[in-house]
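For reference, the chains in residue letters:
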Amino acid sequence: MVTSEVTPRVESLATSGIQAIPKEYIRPQDELTSIGNIFEEEKKHEGPQIPTIDLKEMDSEDKVVREKCREALKKASVEWGVMHLVNHGISEELMERVKVAGKAFFDQPIEEKEKYANDQASGKIQGYGSKLANNASGQLEWEDYFFHLIFPEDKRNLSIWPKTPSDYIKATSEYAKELRGLATKILSVLSLGLGLEEGRLEKEVGGLEELLLQMKINYYPKCPQPELALGVEAHTDVSALTFILHNMVPGLQLFYEGKWVTAKCVPNSIIMHIGDTIEILSNGKYKSILHRGLVNKERVRISWAVFCEPPKEKIILQPLPEVVSETEPALYPPRTFAQHIHHKLFKKTQEALSKKA
């Protein structure tokens, strides 16, 4: 059975006029209690808030000013593992072009988008898709997406990139280059924060040749019963770093100190997550935070996530010797990136099966 033909696009479900969502999209009872109205959640000001880090002075000539900026970035990485980056050096105009292009692709009729459909069963993961119910719980998420590798340029497959709109390839390629530069800067600050040489983490995740930037445009249609569904279920990112743009519709929630905290919409910011890869290399000093995406009835939400990932087989991920000691032993066993992904999937499957038992 080819599952990819069976799963309807969430967009076609959303626009079909249904009042109730299919049971595969309804979250388990233990999750439902924590799913609220995202617009009301975003208005709340009490409790912890995701830090906003101003990168303007990250390379300042003034050592004191520079250190203060870097310390704030390090602190947010240790305490939260997620932050809004402002004054990050990527122009508002370029970010807007990326968003306009991505939205224009999704604004096309579904049959146009289907020309770019991926085929997960045969391992063709790049392209237009929706989550398949191949996990043990059989659960689906309220989103469609477009996934493709955007950097290094020699590893791209431009033949599967959207031809419409015409600015898509140019805008996305420029953005990829700028983000790659930003990733280097962030990694160097995080390296210094661990007492390592500036270029160390960059080298450990593959350097310019091997670190892959994978873009996933997440398209969350309006949902008739948002209190029952999730756009993306709770997970941590496997990446080294993840950078996210969005269309200023709230949805992202972070699990911080035992509670779900809603990310505010900060204009011209890029949301950055520390992923599992950096958590492992730092032996847990930097955090990869659990997060999820809520949906709503009123507005389509779109986000542009770029995952900076090490190569699957070439590098062994394990805590760096400099951050391990007798008092702080390694918290993670050595694994390749591929093995880490496989291990997470296996653990999730076991948990889902034990819930059913």
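Just so we're clear, the structure is a prediction, and the values are computed from it rather than from any experiment. (Residues numbered from 1 in each chain as written. Predicted model: local features only at pLDDT ≥ 70, side-chain atom pairs only at ≥ 80, totals over all residues. Heavy atoms only, no water.)

Quick word on unusual backbone geometry
Most peptide bonds take the trans configuration, and most residues that are not glycine carry a negative phi. Residue F151 is joined to P152 through a cis peptide bond whose omega torsion reads 0°. Along the chain, the position of P152 falls in the loop between β4 (144-151) and α8 (168-193). At the junction of T164 and P165, the peptide bond is cis and its omega measures out at 0° in the coordinates. If you trace the backbone, P165 turns up in the loop between β4 and α8. With a phi close to 60°, N268 is a non-glycine residue in the positive phi region. With respect to the helices, strands and loops of the structure, N268 is situated in the loop between β9 (259-262) and β10 (270-274). (Helix = DSSP H or I, 4+ residues; strand = E, 2+ residues; numbered from the N terminus.)

Examining α8
For α8, built from 26 residues, the straight-helix expectation of 38 Å at 1.5 Å per residue is met to within 8% by its first-to-last C-alpha distance of 37 Å. At the C-terminal side of α8, G195 shows a positive phi close to 80°. (Expected span 1.5 Å × (residues − 1).)

Some remarks on the nonpolar core
Grouped together as the largest cluster of nonpolar side chains are 63 residues, with contacts concentrated most on Y175, I186, L241, F243 and I278. Among the elements that make up this core, the one with the highest residue count is α8 (eleven residues). Not counting residues up to four positions away in its chain, the partners in contact with Y175 are I90, L94, M95, V98, M215, L245, I270 and V306. Listed in part, the 19 residues of the second largest apolar core include C223, A229, L230 and L294. (Core = buried A, V, L, I, M, F, W, Y, C linked by side-chain atoms within 4.5 Å. Buried < 20%, exposed > 50% of the residue type's maximum accessible area, 1.4 Å probe, protein only. Contact = heavy atoms within 4.5 Å.)

Thoughts on the sheet that holds β4
Backbone hydrogen bonds are what pair the strands of a sheet, in a parallel or an antiparallel way. Across the sheet, eight strands lie side by side as β1-β2-β10-β7-β12-β5-β4-β3; this open sheet has mixed pairing. What marks the edges here is a single partner per strand, and that holds for β1 (52-54) and β3 (127-130). Strand-to-strand twist in this sheet, taken as the mean axis angle between neighbours without regard to direction, amounts to 25°. The pairing of strand β7 (residues 241-246) with β10 spans four bridges and is antiparallel. By the bridge assignment for β10, I244 is matched with I271. Relative to the sheet, helix α6 (residues 92-107) contacts β3, β4, β5 (212-220), β7, β10 and β12 (301-309), its axis offset from that of β12 by approximately 115°. Contacts from α8 reach β2 (82-86), β4, β5, β7, β10 and β12 within the one sheet, and its direction differs from that of β7 by about 135°. (Pairing = 2+ DSSP bridges. Axes fitted to C-alpha atoms, helices over the stretch in contact; angles between N-to-C directions.)

Points about the confidence of the model for the chain
Mean pLDDT over the chain works out to 94, with 96% of the residues at or above the 70 mark. Predicted confidence for residues 1-5 stays below pLDDT 50, and this span has four contacts to residues more than four positions away or in other chains. (pLDDT = per-residue confidence, 0-100.)

Structural notes on the packing of aromatic side chains
Under the defined criterion, the tally for this structure stands at eleven aromatic pairs. Ring geometry for F105 versus F106: centroids 5.3 Å apart, planes at 85°, classification edge-to-face. In this structure, F105 and F106 share a single accessibility class: buried. With a centroid separation of 4.8 Å and 5° between ring planes, the pair formed by F106 and Y219 is classed as stacked. Within this pair, whereas F106 is found in helix α6, its partner Y219 is found in strand β5, the two being separated by 113 residues in sequence. Here F106 and Y219 have matching classes, each one buried. Ring pairs connect the aromatic residues F105, F106, Y116, Y128, F146 and Y219, which therefore count as one cluster. Lying across the ring of W161, R156 places its NZ or CZ 5.5 Å from the centre. Taking the ring centre of W260 as reference, the NZ or CZ of R292 above it sits at 4.1 Å. (Phe/Tyr/Trp six-rings, centres within 6.5 Å; stacked < 30°, edge-to-face > 60°. Lys NZ or Arg CZ within 6 Å of the ring centre and 35° of its normal.)

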